[in-house]
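Summary of the model geometry
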Amino acid sequence: EVQLVESGGGLVQPGGSLRLSCVASGFTFGSYWMSWVRQAPGKGLEWVASIKQDGTEEYYVDSVRGRFTISRDNAAYSLSLQINSLRAEDTAMYYCARYRTGSTVDFDYWGQGTLVTVSS
Amino acid sequence: QSALTQPPSASGSPGQSVTISCTGTSSDVGGYNYVSWYQQHPGKAPKVMIYEVSKRPSGVPDRFFGSKSGNTASLTVSGLQAEDEADYYCSSYAGSNNHVFGTGTKVTVL
């Protein structure tokens, strides 16, 4: 059974940093593109970042480029998101998502999310 | 990249059909056959219902039908059931490894 379990969220002050993690199981992690998608409270979904199977390509939404860094450790079946210079508008549930086999455009499995709250 | 436009709400009685629209531009919906639809129940993670405009993943009932015309994609849910009550989001590839989601539609089963 495919599972994605996120952790690392919490309450952080504006300008602060957090590192989110997603541990995968039930599939060959290194064979899939992976992504982070976020959802602000009561709002819609927003794609944040994606990373290629071997970590050699990374892509970001404009609003986080330069502040967020996506990375992966295929040996540890782990996906990470380093988030720096946090702003109030970064407050959201952050989901780890797996791209469908052979795809870089849609997701077939999602984790349950980890909540990041940016507030003083 | 602006969010795709969806109606805030849609509703239907059990057994009826409901159609949700998702309007973008020629740079996203209209430019690629890479529209997907996600169902999200309150407090839960999204679940893919349709990918590549009209393909259903295994396990998704054939009551869910996706289509596209020009810059607008649509999701039709026929034979509405109580468990279909949820938020639905469209998503489209937008070029240069970017994705854009829709604003979301709350489907209510009356």
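For the structure itself, consult the block above.
Residues numbered from 1 in each chain as written. Chains lettered and ligands numbered in written order. Predicted model: local features only at pLDDT ≥ 70, side-chain atom pairs only at ≥ 80, totals over all residues. Heavy atoms only, no water.

1. A few points about the interface of chain A and chain B
Each partner contributes residues to the interface: chain A has 22 residues there, and chain B has 18 residues. Roughly 1,700 Å² is buried in total at the junction of chain A and chain B, and carbon and sulfur atoms are behind 59% of that figure. Contact with chain B buries area across many residues of chain A, yet A:Leu45, A:Trp47 and A:Val105 alone supply 35% of it, more than any other trio. Our enumeration of links across chain A and chain B arrives at one salt bridge. The residue A:Arg100 makes a salt bridge to B:Glu52 at a minimum N-O spacing of 3.0 Å. Among the elements that make up the side of chain A that touches chain B, the one with the highest residue count is strand E5 (residues 45–51) of chain A (four residues). Residues of the side of chain A that touches chain B, tallied by class, amount to 11 nonpolar, six polar and five charged. (Contact = heavy atoms within 4.5 Å. Buried area = accessible area lost by both parts, 1.4 Å probe. Salt bridge = Lys/Arg side-chain N within 4 Å of Asp/Glu carboxyl O. Helix = DSSP H or I, 4+ residues; strand = E, 2+ residues; numbered from the N terminus. Nonpolar A, V, L, I, M, F, W, Y, C, P; charged D, E, K, R; others polar.)

2. Things to note about the pairing of strand E11 (residues 114–118) of chain A
Residues and elements named next belong to chain A. Only one face of E11 is covered, namely the one carrying Thr 114, Val 116 and Val 118; the face carrying Leu 115 and Thr 117 has none of its residues buried. Both strand E2 (residues 10–12) and E11 contribute to a ladder of three bridges, which runs parallel. Note that in E11 the partner of Leu 11 across the bridge is Thr 117. As defined by bridge partners, strand E9 (residues 92–99) adjoins E11 across three bridges and the pair is classed as antiparallel. If you follow Ala 92 over to E11, its bridge partner there is Val 116. (Buried < 20%, exposed > 50% of the residue type's maximum accessible area, 1.4 Å probe, protein only. Pairing = 2+ DSSP bridges.)

3. A few points about the state of the cysteines
Residue and element names in this part refer to chain A. One pass over the full model with this rule turns up two disulfides over all chains. The disulfide bridge from Cys 22 ends at Cys 96, spanning 2.1 Å between sulfur atoms. Disulfide Cys 22-Cys 96: the torsion about the S-S bond is -65°, which places it as left-handed. Here Cys 96 lies in strand E9 and Cys 22 lies in strand E3 (residues 18–25), a separation of 74 residues in the sequence. Here Cys 22 falls in the buried class, since its relative accessible area comes to 0%. (Disulfide = S-S within 2.5 Å.)

4. Looking at the nonpolar core
Counting 43 residues, the largest nonpolar core has A:Trp36, A:Leu79, A:Leu81, A:Phe107 and A:Trp110 as the members making the most contacts within it. Listing elements by their share of this core, those giving two or more residues are E3, strand E4 (34–39), E5, strand E7 (68–73), strand E8 (78–83), E9, strand E10 (107–110) and E11 of chain A. At six residues, the largest contribution of residues to this core is made by E9(A). Core analysis: the next-biggest nonpolar cluster, separate from the first, contains 24 residues, B:Met49, B:Leu80, B:Ala94 and B:Val109 among them. (Core = buried A, V, L, I, M, F, W, Y, C linked by side-chain atoms within 4.5 Å.)

5. Some thoughts on the packing of aromatic side chains
Residue and element names in this part refer to chain A. This structure, assessed with the given rule, holds 15 aromatic pairs over all chains. Centre to centre, the rings of Phe 27 and Phe 29 are 6.3 Å apart; their planes meet at 55°, and the pair counts as tilted. With respect to burial, Phe 27 and Phe 29 carry one shared label: buried. The cationic tip of Arg 98 hangs over the ring face of Phe 27; the distance from NZ or CZ to the ring centre is 4.7 Å. (Phe/Tyr/Trp six-rings, centres within 6.5 Å; stacked < 30°, edge-to-face > 60°. Lys NZ or Arg CZ within 6 Å of the ring centre and 35° of its normal.)

6. Structural notes on the sheet that holds E3(A)
Hydrogen bonds between backbone atoms are what pair the strands of a sheet, whose relative direction is either parallel or antiparallel. All names here are of chain A. Read across the sheet, four strands follow the order E1-E3-E8-E7 without closing on themselves; strand pairing throughout is antiparallel. Looking at the sheet topology across the chains shown, the edges are occupied by strand E1 (3–7) and E7. Going across the sheet, the axis of each strand differs from the next one's by a mean of 15°, ignoring polarity. Across six bridges, E7 lies against E8 in antiparallel orientation. (Axes fitted to C-alpha atoms, helices over the stretch in contact; angles between N-to-C directions.)

7. Comments concerning the pattern of salt bridges
Residue and element names in this part refer to chain A. Scanning the model with the defined rule gives 10 salt bridges over all chains in all. We note a salt bridge from Glu 57 to Lys 52, for which the minimum N-O separation is 3.3 Å. Take Glu 57: its relative accessible area is 26%, and that puts it in the partly exposed class. Overlapping salt bridges bring together Arg 38, Glu 46, Arg 67 and Asp 90 as one network.

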